[in-house]
Amino acid sequence: MSEEIKKERKKRSLSLIQPTSIPTLGNYLGAMKGWPTFQDDFDTVFGVADLHSITVRQDPKKLREQTAELYAILLAVGLDPDKSILFIQSHVPQHSQLAWLLNCYTMFGELNRMTQFKDKSQQHSDNVNAGLFTYPCLMAADILLYQADVVPVGADQKQHLEIARDIAERFNGIYGNVFTVPEPYIPKAGARVMSLADPTRKMSKSDPNPKGTIYLNDEPSVIMKKFKSAVTDSEMSVHYAEGKDGINNLMTIYSAVTGKSFDDIETEFAGKGYGDFKTAVGEVVVAELEPIQKKYAEYMADKAYLQEMWTKGAQTAQRVSQRTLDKAMKKIGFLAK
């Protein structure tokens, strides 16, 4: 007599990314490169966080374009709509609705302590809006709507996950077990990629120096030019050491793309100059991004397919998130339709 084996439910993970620009090589090597395999280990939810992006003034035409471009990039790096829920945040009104409810279960003092609010208030002192202040409530709604078990986080988002946990625990303490309290998930070491122009700073979409950042849709000639102009030091020896920030960064990138250890890289480039090494790093990055760029171009040329996919994603996301929203509203005391 055969015994039926019950399949264990995968833990659900959630990751959202803002459409403020095309993702960088840092975004890719630090997180996105591992997302396709993530789909095999987790019940994955991925989204384009366009609602979050408007805490800073956006050009409407550019926002629409960048949202579509980012969705195409997510497909191009290997996210599969048949394996993941892949949606655009503003297409799922449940996010905004739960965010308002959670506003009323979040303390002013908690929001006032958020370092990102303080940082962005200084950066955009002419537009310190309420959305910027209550941004963590929307982020908590993003996570709690899908009953996410884990949320991959970097150091800059850890505080936001902590407040989401606090909000969930407070709500559950009042009304019972409504929300899954999410755990932080530290992915397998992704590369921390620094600016090519200033290797003491992280590579950023908002870097004012265009030479410092590689974008996933940069043409091969542009990528090679940026690597060849990357800041290094005067020592001319390819080895990892304190004070060699530029070379350390290039070695990190080369290692993340090729899988070679730093010792292997030092051996490979022993006796060679920085020019050879910069060219080699540029070439492996170009080769790494080539299939992604090809798929991205195909998706961008087929707007009907993109719309079909994000419509399907929104329908699935609404169906899943509405269950959580209905439960929360019932617990609070709202009259059902």
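Residues numbered from 1 in each chain as written. Predicted model: local features only at pLDDT ≥ 70, side-chain atom pairs only at ≥ 80, totals over all residues. Heavy atoms only, no water.

Draft legend 1. Here's a closer look at the overall build of the protein chain. Regarding its fold elements, the protein chain presents 14 helices and 5 strands. In terms of overall dimensions, the protein chain is globule-like: its C-alpha atoms have a radius of gyration of 22 Å, near the 20 Å expected for 337 residues. By its C-alpha atoms, the protein chain is 75 × 65 × 40 Å across when sized along the principal axes. Counting only contacts in the protein chain whose residues sit at least 6 apart along the sequence, the fraction spanning at least 24 positions is 75%. For the protein chain, the exposed area adds up to about 17300 Å²; of that, 52% sits on carbon and sulfur atoms. Here the protein chain holds 41 positive side-chain charges and 42 negative ones, and the gap between their average locations is 5 Å. (Helix = DSSP H or I, 4+ residues; strand = E, 2+ residues; numbered from the N terminus. Rg over C-alpha atoms; globule rule 2.2 N^0.38 Å. Contact = heavy atoms within 4.5 Å. Areas by Shrake-Rupley, 256 points an atom, 1.4 Å probe, with all protein chains shown as cover. Lys, Arg positive; Asp, Glu negative; His and termini not counted. Charge placed at Lys NZ, Arg CZ, Asp CG, Glu CD.)

Draft legend 2. Representation of the pairing of strand E3 (residues 85-88) within the structure. The alternating pattern of E3 places Ile85 and Phe87 on one face and Leu86 and Ile88 on the opposite face, and all of these are buried. In this sheet, E3 lies alongside strand E2 (residues 43-48) in parallel orientation, the contact comprising 4 bridges. Each bridged residue has a counterpart across the sheet, and for Val45 the counterpart in E3 is Ile85. (Buried < 20%, exposed > 50% of the residue type's maximum accessible area, 1.4 Å probe, protein only. Pairing = 2+ DSSP bridges.)

Draft legend 3. Structural view of the side chain of Gln66. Topologically, Gln66 is positioned in helix H4 (residues 60-76). Apart from the residues lying within four places of it in its own chain, the contact partners of Gln66 are Pro19, Thr20 and Ser21.

Draft legend 4. Local environment of the side chain of Gln94. Mapped onto the secondary structure, Gln94 falls in helix H5 (residues 94-103). Here Gln322 takes part through its side chain, which lies 2.8 Å from a polar atom of the side chain of Gln94. If near-sequence neighbours (up to four positions away) are discounted, Gln94 is found in contact with Leu145, Gln318, Ser321, Gln322 and Leu325. (Polar contact = N/O pair within 3.5 Å; in protein donor to acceptor, adjacent residues only side chain to side chain.)

Draft legend 5. Summary view of the nonpolar core. Residues Phe227, Phe277 and Val285 are the most contacted members of the largest nonpolar core, which totals 55 residues. Residue assignment for this core shows that the elements contributing at least two residues are helix H1 (25-30), E2, H4, E3, helix H10 (220-228), helix H11 (245-258), helix H13 (274-300) and helix H14 (303-332). Here the element with the most residues in this core is H13; it accounts for 11 residues. Among residues more than four places away in sequence, those in contact with Phe277 are Val238, Ile247, Leu250, Met251, Tyr254, Ile265 and Phe269. In terms of nonpolar packing, the next biggest core, distinct from the first, is built from 40 residues, Leu101, Leu138, Ile143 and Met329 among them. (Core = buried A, V, L, I, M, F, W, Y, C linked by side-chain atoms within 4.5 Å.)

Draft legend 6. Representation of H4 within the structure. Under the 1.5 Å per step criterion, the end-to-end length of H4 is 24 Å for 17 residues, consistent within 8% with the ideal 24 Å. Of the residues making up H4, those classed as buried are Leu63, Gln66, Thr67, Ala68, Leu70, Tyr71, Ala72, Ile73, Leu74, Leu75 and Ala76. Within two residues after H4, Gly78 carries a phi angle of roughly 120 degrees, on the positive side. (Expected span 1.5 Å × (residues − 1).)

Draft legend 7. Local environment of the packing of aromatic side chains. Scanning the entire structure with this criterion turns up 16 aromatic pairs. Consider the rings of Phe171 and Phe179, whose centres lie 4.9 Å apart with planes at 55 degrees: the pair is tilted. Residue class for Phe179 comes out buried when judged on its relative accessible area of 1%. Here Phe269 and Phe277 contribute two aromatic rings whose centre-to-centre distance is 4.8 Å and whose plane-to-plane angle is 65 degrees, an arrangement assigned as edge-to-face. Across the pair, Phe277 and Phe269 agree in class, each one buried. The structure contains a cluster of three or more aromatic residues connected by ring pairs, namely Tyr105, Phe171, Tyr175 and Phe179. (Phe/Tyr/Trp six-rings, centres within 6.5 Å; stacked < 30°, edge-to-face > 60°.)

Draft legend 8. Molecular detail of the pattern of salt bridges. Using the criterion set out here, one finds 13 salt bridges in the structure. Put simply, Asp82 and Lys312 hold a salt bridge, and the shortest N to O gap is 2.8 Å. Taken together, the positions of Asp82 in the loop between H4 and E3 and Lys312 in helix H14 put the pair 230 residues apart, joining distant regions of the chain. The exposure class of Lys312 is partly exposed, given its relative accessible area of 33%. What emerges from the salt-bridge pattern is a single network uniting Arg165, Glu169 and Glu183. (Salt bridge = Lys/Arg side-chain N within 4 Å of Asp/Glu carboxyl O.)

Draft legend 9. Molecular detail of H11. Its 14 residues give H11 an end-to-end C-alpha distance of 20 Å, which sits within 8% of 20 Å, the value for a rise of 1.5 Å per residue. Burial of H11 is extensive: 11 of the 14 residues sit out of reach of the surface. Among all positions of H11, only Gly246, Ile247, Asn248, Asn249, Leu250, Met251, Thr252, Ile253, Tyr254, Ser255 and Val257 are buried. Of the surrounding secondary structure, the elements contacted by the buried residues of H11 are H1, H10, helix H12 (262-268) and H13. One or two steps after H11, the chain reaches Gly259, where phi turns positive at roughly 85 degrees.

Draft legend 10. Local environment of the packing of H4 against H14. The contact between H4 and H14 brings their axes to 11 Å, and the two run at 85 degrees. The pairing of H4 with H14 is recorded here as roughly perpendicular in orientation. Of the residues in H14, those in contact with Ala68, Tyr71, Ala72 and Leu75 of H4 are Tyr305, Leu306, Met309 and Trp310. Among the residues making up the contact of H4 with H14, the classes are represented as 8 nonpolar, no polar and no charged. (Axes fitted to C-alpha atoms, helices over the stretch in contact; angles between N-to-C directions. Parallel < 35°, antiparallel > 145°, perpendicular 65-115°, else oblique. Nonpolar A, V, L, I, M, F, W, Y, C, P; charged D, E, K, R; others polar.)

Draft legend 11. View of the environment of Lys260. Within the secondary structure, Lys260 sits in the loop between H11 and H12. Sequence separation of Lys260 and Asp40 is 220 residues, and the distance between their C-alpha atoms is 25 Å. Once residues lying within four places of it in the same chain are set aside, the contact partners of Lys260 are Tyr254, Ser255, Ile265 and Glu268. A distance of 2.9 Å separates a polar atom in the side chain of Lys260 from a polar atom in the side chain of Glu268.

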